[in-house]
Each structure stands twice: as C-alpha cells, then as structure tokens.
Amino acid sequence: MGKKRLVSGIQPTGRMHLGNYLGAIQNWVSLQDDYESFFMIVDLHALTSVYEDPSQLRKSKRELAIDLLASGVDPEKACLFYQSEVVEHAELHLYLSMVTPLSWLERVPTYKGKIAELKEKDLHTYGFLGYPVLQAADILLYQGDVVPVGKDQLPHLELARQIVRRFNHLYKTDFPEADESLTHFPLLPGLDGRKMSKSYKNTIPLSSTPEEITALVLKMTTDPQRVRRNDPGNPEVCSVFSYHKLFNTEYSLKKIDAQCRAGSIGCVDCKQQCAALIVDKLATFREKRAYFEANPDIVDAVLDRGAKRASEVAKDTMKCVKKVIGL
Ligand code: SF4
C-alpha cells in the first residue's frame, strides 16, 4: 500500500505571516512525512479577487514559494507547484461547474461575507462565485484522500465532497471524497488583537528583519487598563502574552504573569522580550530564505519538477473524467 494523498493550497496574496506559518504551514511540514503531498500555490484562486490589477501576482507567487521552502516544505518529500502551471485545474473546474447547482454556491457562508469584507473590490463575478468548484477540482484532480483544514474551512470541504458525490452519482463512478485533517492551533492575534490576517493589515510578515519584528511587536495592543508602568495588569487580555504563551518557557511565563499582575514590569520591556523570542523562532527561516533568494535557479527547478509531477497525476485523472462523461 502506498502513502495516502494529501492536497492543500495557499493563496499568493501578500507576504506570508507568522499566523500562516504557525497554523497551516507548520502543519504541512509535519504532514509531508506521512502523506504523498501536493502543495499548490493557488494563483488562479488569487486571480478571482485581484483580476482587476494582477500586476503584483507574479512577484507574490515567487515570494510565497521562497517562504514555503524556507519554512521547511521539502521538495524531496512533497510536490510544490503553481496551480496555473497545471492546466487540468481549469479543465476539471469546467466539467465540475456543469454538475454544480447554482444554489449550492450562493449559500456558501463565506461568499457574501467576503464580498462585504472586500468592499473595495468588485467580486460579483462568475469566477468568484465558482471559487468552491475550483477548490473541488484542486482536490479531485489528485484524488486526494486528506485535506488539512481549519474549522472555519470545513463548509468548503463539505461542498467539495458534495460536488464529487454528485459527479460520481451522475456518471456512475467512484472518485474519492477527501477527509479532513483538522489543524489544531490557537488563533494567533494580530497586532491590534483581532485575528492575524492580511485583510486586517495587522500581521507580522515572516520575511521581516529582526528590527522590523521588534518595531511591529512594540505596536501590539496590551491590557488597556494598564495606563502607567506600575499599574497592575491582566495578561490574559493581552495579545503580547498570547505570544509569550507560545514561545516562552513555562518558568518565564509564570514570572511575566506575576510581574504583570503586580505592575512590576513595563509593557515595553515585556514586548522587547516577546520580540526577541519571535526573532529567535524565525532564525532558521531567515537563514534558509536568504539561501533561496540567492539561488533562484534552485527555486525554479523545484517548481518545474513539482508542476511536472502534478501534471502526470492530473492527466491520469482527466483521462478517467473524460471517459466517464463520455467525451
Ligand atoms: S506587561 Fe506584558 S503581559 Fe502585561 S499587559 Fe504589558 S505587555 Fe501585556
């Protein structure tokens, strides 16, 4: 028995941040040992929201590929590629769109939410509505057994499964319905205390220098009740403390907790310590990133090899798809 197949994608919309790294990407890195993994940079998905001005897309894709390799995605273990380099994604998207009822897409919870969130963009397009169909194609193309998802993405995966189920029913076939592998990681607060997200512009980009990381952490929101340095604070309501919880030792964590409550540590000192922990956590990442930036041929070769391998599998699936439809 070969390894099960795992499929996952990430959008190249802006610089990868600490929240992506600790959530999705570290999970990819640990799963690549156990599964035959297909990790794609989903530039076609990105196009659904940046189609009016895709001028930064090429650069963002490249930066993301470097970030992923520097994070530990290993091309010897996993297949890393740009989605648009495997044309079968678009082809299967078309076939699946034939069998997907419009009402299924219109009731996707994030559809209206995203349109409201990204008010400055016109997302009333056929491409944006069909985004979940493209996701279903991404998974089915590699006949994925497992898709790593956060809880909030479960409805998307369920819809992908529904689409495959309908396809199987209509054409009397049995393509697999992928299972979820739930990513368990506490949501990382952004600089303003909300969820860390590119849309909120509150992130710590992974490619930041140590100085930039320190400057960003110094801006982070703390316990609003602490006005003066010796006011007693409550670390449980402070974003900085969430980072200490993730990166600090138990001993230091207890110490900061006590000092904060007693008002015997200033927030600036506490933030400096936090920034040093993040800088330290990302040391290997920075080193590897510099290596890949200085060696563009290696990055090109990884992506080419990834696209070739992905295309082989995609072509096999498309042969079956066309055969069962009767084309
Ligand atoms: S001392 Fe630290 S934990 Fe307490 S409020 Fe300030 S930054 Fe937050």
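Residues numbered from 1 in each chain as written. Predicted model: local features only at pLDDT ≥ 70, side-chain atom pairs only at ≥ 80, totals over all residues.

Novice: Let's hear about the overall build of the protein: which residues, and what values?
Specialist: Of the regular secondary structure elements, the protein holds 15 helices and five strands. Taken against the 2.2 N^0.38 rule, which gives 20 Å for 327 residues, the C-alpha radius of gyration of the protein at 22 Å falls within 12% of a compact globule. Expressed as a percentage of its 327 residues, the buried residues of the protein come to 34%. Contacts in the protein between residues at least 24 apart in sequence constitute 79% of all its contacts with a sequence separation of at least 6. (Helix = DSSP H or I, 4+ residues; strand = E, 2+ residues; numbered from the N terminus. Rg over C-alpha atoms; globule rule 2.2 N^0.38 Å. Buried ≥ 20, exposed ≤ 12 C-beta atoms within 10 Å, placed from the backbone. Contact = placed C-beta atoms within 7 Å.)

Novice: Can you break down the domain arrangement of the protein residue by residue, with the values?
Specialist: Taken domain by domain, the protein comprises domain 1 (5-188 + 295-325) and domain 2 (207-281). Each of domain 1 and domain 2 was reduced to a C-alpha centroid, and the two centroids are 36 Å apart. (Domains from an automatic or database assignment.)

Novice: Tell me what's going on with the site of the ligand, and back it up with residues and numbers.
Specialist: Neighbouring the ligand are 14 residues; Cys238, Val240, Cys260, Cys267 and Cys270 lie closest to it. Those elements that provide at least two residues to the shell around the ligand are helix 11 (239-247), helix 12 (250-262) and helix 13 (267-281). A per-element tally of the shell around the ligand places helix 13 first, with three residues. Residue classes in the shell around the ligand are distributed as nine nonpolar, two polar and three charged. (Near = placed C-beta within 6 Å. Nonpolar A, V, L, I, M, F, W, Y, C, P; charged D, E, K, R; others polar.)

Novice: Tell me about the packing of helix 8 (residues 131-141) against helix 9 (residues 154-171), residues and numbers included.
Specialist: Relative to each other, helix 8 and helix 9 sit at 70°, their axes nearing to 9 Å. Taken together, helix 8 and helix 9 sit at an angle that is classed as roughly perpendicular. Contacts from Pro132, Val133, Gln135, Ala136, Ile139 and Leu140 of helix 8 reach helix 9 at His156, Leu159, Ala160, Ile163 and Val164. Its residues placed into classes, the contact of helix 8 with helix 9 shows nine nonpolar, two polar and no charged. (Axes fitted to C-alpha atoms, helices over the stretch in contact; angles between N-to-C directions. Parallel < 35°, antiparallel > 145°, perpendicular 65-115°, else oblique.)

Novice: Tell me what's going on with the nonpolar core, and back it up with residues and numbers.
Specialist: Counting 73 residues, the largest nonpolar core has Phe39, Ala65, Leu80, Phe81, Ala136, Ala137 and Ile139 as the members making the most contacts within it. It is helix 8 that provides the largest number of residues to this core, a total of eight residues. Residues lining this core come from more than one domain, with at least three contributed by each of domain 1 (5-188 + 295-325) and domain 2 (207-281). Sequence-distant contacts of Ile139, that is, excluding residues within four places in its chain, are made with Val7, Gly144, Val147, Ala160 and Ala178. (Core = buried A, V, L, I, M, F, W, Y, C linked by C-beta atoms within 7 Å.)

Novice: Tell me about the pairing of strand 5 (residues 179-182), and please be specific about residues and values.
Specialist: Where strand 4 (residues 146-149) and strand 5 come together, four bridges link them in parallel fashion. Bridge pairing links Val146 to Asp179 in strand 5. One crossover worth recording links strand 4 to the parallel strand 5 by way of helix 9, and it is right-handed. (Pairing = 2+ DSSP bridges. Right-handed = clockwise from strand over helix to strand, strands pointing away.)

Novice: I'd like a rundown of the environment of Ile10, residues and numbers included.
Specialist: Inspection of the secondary structure assignment puts Ile10 in strand 1 (residues 5-10). We classify Ile10 as partly exposed; it has 19 C-beta atoms within 10 Å. Once the C-alpha coordinates of Ile10 and Leu118 are considered, the two residues, 108 residues apart in sequence, prove to be 19 Å apart. Apart from the residues lying within four places of it in its own chain, the contact partners of Ile10 are Ala24, Ile41, Val42 and Leu64.

Novice: Which residues make up helix 3 (residues 57-71), and what values do they have?
Specialist: Given a rise of 1.5 Å per residue, 15 residues ought to cover 21 Å, and the 21 Å separating the end C-alpha atoms of helix 3 matches this to within 8%. Listed in full, the buried residues belonging to helix 3 are Ser60, Lys61, Glu63, Leu64, Ala65, Ile66, Asp67, Leu68, Leu69, Ala70 and Ser71. Of the residues trailing helix 3, Gly72 is marked for its positive phi of about 120°. (Expected span 1.5 Å × (residues − 1).)

Novice: Report on helix 4 (residues 88-99), specifying residues and quantitative values.
Specialist: Compared with the 16 Å implied by 1.5 Å per residue over twelve residues, the 17 Å span of helix 4 between its first and last C-alpha is a close match. Buried residues of helix 4: His89, Leu92, His93 and Leu96, and no others. Within helix 4, the buried residues cover an arc of 110° as seen down the axis, which keeps them to one side. Exposed residues on helix 4 whose side chains face more than 90 degrees from its buried face are Leu94 and Met98. (Arc of directions from axis to C-beta.)

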